[in-house]
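Structural overview
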Amino acid sequence: MRALIAAPETADGFRLADVPEPVPRPGQALVEVRHASVNFGEVRYLGFQPAGGVLGFDAAGYVVQPAEDGTGPAEGARVAALGAGAWAQRAAFDTGSLAVVPDGLDLAQAAALPLVGITALRTLRAAGSVLGRRVLVTGAAGGVGRLAVQLARLGGAHVIASVGSAPRTEGLAALGAHEVVVGLEHIDQPVDVVLENVGGEHLTTAWRLLKPGGSLQSIGWASGEPAVFPPNSIFALGPARTLQSFGDASHPGPDLADLLALAAAGTLEVQVGWQDSWGHIADAITALLGRQVSGKAVIDID
C-alpha cells in the first residue's frame, strides 16, 4: 500500500512510499483511510521522527476488517480514529481508539476532530466546571483553540479568545467567544482558567492573569520560545494556582464518540480551513507553518 513515511534525511522530512500492509492485532480493526488531518505539531517536528515510520494520527474511513476479538465496529462502519499510522491507505487502530461516525457527518470533518477534540475536551475537563467562569483560550484560531472556544461556551463560561494577529480573529465570535483579542495586553480582568497553546512569553503573561485558585492548562508551544518566570512570580496569596501539562490521549473512543455526536447535531462546528489530495501535503505544511489555516488541514487519501 501507499503511505506517507518519515524521511529525516530529506529536505521535507517525509516521502510517499510503498510500505507493507498493516497486520492488526486481535484488538485492532483495519481501516481503509479516506481522509486524515494534518496537525501543527506533527509537521513542526517531522525531521525528528524515526525513519520509515508511517506518519499521522487522525483518520476517518471504513472498517474493512473488524477486530479478531469481537470488539469495536463491524465491517463497513464509518469510523474516526486516533492512533499512529493515519497517513496511509490502510491503518490498524485499537478498537478503544475508534468511534462510529454518525450519519450525516462528513468523513473529512470527522478526520479533523480526534486529536484537537480530545485535547480541548480533556483540558477543559481537567480545569473543572467552567460554568460562570472566565476562560481564556490562547492560540484560539487553531484547531484546538476553535473547539475549546465552543466547548467552553457550551459549559457556560465567559470565553476570551486570544490570537496572534487581526486576520486570525475571523469567525471566533460566531463560534461563541464573548471577547476576541489580539495578544494578551488588553485583558484587564483576571481569569479563572487558561487553555494555553502558545508557550513562551504568552504562558508567563497568562499565568499573571490567573486568579487565585485558577487553573492553567499548558497544551502546546507554538511559539517555540522559552517561558521565563521572574523570581517570586509563582508565589501568590490565597488558594493555589495550578499549571498542568496535557498529554493523555489514551482510550479516546468514548470521548471521540461524544464529540462526533455534537458535531453531527450541529452543536459543535468542525472547521476545515484547508483540504486537498495527500499528493499536495507539502502545501498544507507550508500553510500550517505560516499560520494561514483557520481550523484544521485535511488530506484526502485519493
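Residues numbered from 1 in each chain as written. Predicted model: local features only at pLDDT ≥ 70, side-chain atom pairs only at ≥ 80, totals over all residues. Heavy atoms only, no water.

Regarding the sheet that holds strand 10 (residues 179–182)
Note on sheets: strands pair through backbone hydrogen bonds, and any given pair is parallel or antiparallel. With respect to topology, 6 strands assemble into an open sheet ordered 10-9-8-11-12-13, the strand pairing being parallel. The open sheet terminates on both sides in strands that have one partner only, identified here as strand 10 and strand 13 (242–245). The sheet shows a mean angle of 15° between the axes of neighbouring strands, taken without regard to direction. Contacts between helix 6 (residues 201–209) and the sheet are confined to strand 8 (134–138), strand 9 (158–163), strand 11 (191–196), strand 12 (210–218) and strand 13, with strand 12 contributing the most and set at about 150° to the helix. (Pairing = 2+ DSSP bridges. Helix = DSSP H or I, 4+ residues; strand = E, 2+ residues; numbered from the N terminus. Axes fitted to C-alpha atoms, helices over the stretch in contact; angles between N-to-C directions. Contact = heavy atoms within 4.5 Å.)

Examining unusual backbone geometry
A positive phi is found at His-251, a non-glycine position, where the angle reads about 45°. Checked against the element boundaries, His-251 lands in the loop between strand 13 and helix 7 (253–264). Here His-251 falls in the exposed class, since its relative accessible area comes to 65%. One non-glycine residue, Arg-291, lies in the positive phi region at around 60°. The topology assignment puts Arg-291 in the loop between helix 8 (281–289) and strand 15 (296–300). Look at Arg-291 and you get partly exposed, because its relative accessible area is 37%. (Buried < 20%, exposed > 50% of the residue type's maximum accessible area, 1.4 Å probe, protein only.)

A short note on the packing of aromatic side chains
Tallied over the entire structure, the rule returns 2 aromatic pairs. Residues Tyr-45 and Phe-48 carry aromatic rings whose centres are separated by 6.3 Å and whose planes lie at 55° to one another, so their mutual orientation is tilted. Ring plane angle 90° and centroid distance 6.4 Å describe the contact between Trp-207 and Phe-229, whose orientation is recorded as edge-to-face. Highlighted residues: Trp-207 in helix 6 and Phe-229 in the loop between strand 12 and strand 13, separated in sequence by 22 residues. Judged by its relative accessible area of 4%, Trp-207 falls in the buried class. With relative accessibility at 29%, the residue Phe-229 sits in the partly exposed group. (Phe/Tyr/Trp six-rings, centres within 6.5 Å; stacked < 30°, edge-to-face > 60°.)

Focus on the environment of Leu-82
Structurally, Leu-82 is set in strand 5 (residues 78–82). Each C-alpha atom of the pair Leu-82 and Glu-201 lies 31 Å from the other, and the pair is 119 residues apart in sequence.

Thoughts on the packing of helix 3 (residues 114–126) against helix 4 (residues 143–154)
With their axes 8 Å apart at the nearest point, helix 3 and helix 4 run at an angle of 45° to one another. Comparing their axes, helix 4 and helix 3 come out oblique. For the element pair helix 3 and helix 4, the recorded crossing hand is right-handed. Seen from helix 3, the contacting residues are Val-116, Gly-117, Thr-119, Ala-120, Leu-121 and Leu-124; seen from helix 4, they are Gly-143, Val-144, Leu-147, Ala-148, Leu-151 and Ala-152. The residue inventory of the contact of helix 3 with helix 4, partitioned by class, reads 9 nonpolar, 3 polar and no charged. (Parallel < 35°, antiparallel > 145°, perpendicular 65-115°, else oblique. Left-handed = near helix turned anticlockwise from the far one by under 90°. Nonpolar A, V, L, I, M, F, W, Y, C, P; charged D, E, K, R; others polar.)

Topic: the packing of helix 3 against helix 7
For the pair helix 3 and helix 7, the least separation of the axes is 10 Å and the interaxial angle reads 100°. In terms of axis orientation, helix 3 runs roughly perpendicular to helix 7. In this structure, helix 3 contributes Pro-114, Gly-117, Ile-118, Leu-121, Arg-122 and Arg-125 to the contact, and helix 7 contributes Asp-255, Leu-256 and Leu-259. Of the residues assigned to the contact of helix 3 with helix 7, the class counts are 5 nonpolar, 1 polar and 3 charged.

Topic: helix 4
For helix 4, with 12 residues, the first-to-last C-alpha span of 17 Å sits near the 16 Å given by 1.5 Å per residue. By the criterion of burial, helix 4 is predominantly enclosed, with 10 of the 12 residues buried. Looking only at helix 4, the buried set comprises Gly-143, Val-144, Gly-145, Arg-146, Leu-147, Ala-148, Val-149, Gln-150, Leu-151 and Ala-152. Gly-156 sits one or two residues past helix 4 and shows a positive phi near 90°. (Expected span 1.5 Å × (residues − 1).)

Remarks on the environment of Leu-154
Looking at the element boundaries, Leu-154 is found in helix 4. For Leu-154, a relative accessible area of 48% translates into the label partly exposed. With 131 residues separating them along the chain, Leu-154 and Val-23 place their C-alpha atoms 41 Å apart.

Structural notes on the UniProt feature "domain: Enoyl reductase (ER)" (unreviewed entry) in the protein chain
When the UniProt feature table is mapped onto this chain numbering, "domain: Enoyl reductase (ER)" (unreviewed entry) sits at residues 9–299. Annotated as 24% helix and 28% strand, the span residues 9–299 places its first and last C-alpha atoms 23 Å apart. (UniProt positions renumbered as here; feature names shortened; annotations may be inferred.)

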